[in-house]
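A closer look at the structure
So the chains spell out like this:
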Amino acid sequence: MSFSARRGKTAIWIGAAIAFSVSFLGLSGCVSGVSDYSRAMVTYQGSFPELQGAPDQHRGQVAMLGGRIVETTPSAEGTEIVVLQLPLGSTDKPAMDQASEGRFLISTPEFLDPAAYRKLTLITVVGEVTGHEERPVGDYPYTLPVLRPREILSLIHISEPTRQDTRSRMGCCGGGWG
């Protein structure tokens, strides 16, 4: 193989390595999860169904949960966010390919803007279990574990597909997310 052919192959490999590195660094912001500080506070290690079944028994423990926002309601007393729970993946993101195991409520005395915490946004929360609330979901009485947030990681907003928007969804930082 001639010197110029080897030089051309080397240039291609270097270019590919640089492109991969830039892509990887660009995506690394997508895979970061909750802070190490908040992660160190987590004391609840049980499953979501266990927490939902007996939230008062876990009062005072700090849990890390994730899901999709159903509704955000600010009031003079603070803000409540109802979340459809989804199991967390390895990067602290709700796993959209997993089934929900229920709902939970984030309750804070602070104002959280519904435009920032809008319906269908994926979130991860680290929060103290403060008890439960009984609320109807349709005509069904429902027990919602209540968390007072220490950290909320708002990940991505997922648009509801419309007839005109039926293309497949892509990963975290790719196109296709609404």
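I will try to describe carefully the structure that is included in this document. (Residues numbered from 1 in each chain as written. Predicted model: local features only at pLDDT ≥ 70, side-chain atom pairs only at ≥ 80, totals over all residues. Heavy atoms only, no water.)

1. Examining the overall build of the protein
- Each helix and strand counted, the protein has three helices and five strands in total.
- Reading the secondary structure of the protein in the N-to-C direction produces α-α-α-β-β-β-β-β.
- Across the 178 residues of the protein, 34% fall into the buried class.
- Look at the contacts in the protein between residues 6 or more apart in sequence, and 61% of them connect residues 24 or more apart.
- With an accessible surface of roughly 10,700 Å², the protein has 56% of that area assigned to carbon and sulfur atoms. (Helix = DSSP H or I, 4+ residues; strand = E, 2+ residues; numbered from the N terminus. Buried < 20%, exposed > 50% of the residue type's maximum accessible area, 1.4 Å probe, protein only. Contact = heavy atoms within 4.5 Å. Areas by Shrake-Rupley, 256 points an atom, 1.4 Å probe, with all protein chains shown as cover.)

2. What about the pattern of salt bridges?
- Taken as a whole, this structure holds five salt bridges when the rule is applied.
- With a shortest N-O distance of 2.8 Å, Arg 59 and Asp 56 are connected by a salt bridge.
- Among the ionic pairs, Arg 150 bridges to Glu 128, the shortest N-O distance being 3.3 Å. Within this pair, whereas Arg 150 is found in strand 5 (residues 140-157), its partner Glu 128 is found in strand 4 (residues 121-137), the two being separated by 22 residues in sequence.
- Residues joined by salt bridges that share partners form a network here, namely Glu 80, Glu 133 and Arg 135. (Salt bridge = Lys/Arg side-chain N within 4 Å of Asp/Glu carboxyl O.)

3. Focus on the environment of Val 125
- Tracing the chain through its elements places Val 125 in strand 4.
- Remark: the alpha-carbon pair of Val 125 and Asp 92, spanning 33 residues in sequence, is separated by 9.3 Å.
- Excluding residues that lie within four positions of it along the chain, Val 125 makes contacts with Ala 63, Met 64, Leu 65, Phe 104, Ile 106, Leu 147, Pro 149, Glu 151 and Ile 152.

4. What about the side chain of His 58?
- Within the secondary structure layout, His 58 lies in the loop between helix 3 (48-53) and strand 1 (62-75).
- By relative accessible area, which is 16% here, His 58 ends up buried.
- Beyond its immediate chain neighbours, meaning those up to four positions away, His 58 contacts Tyr 44, Glu 50, Leu 51 and Val 129.

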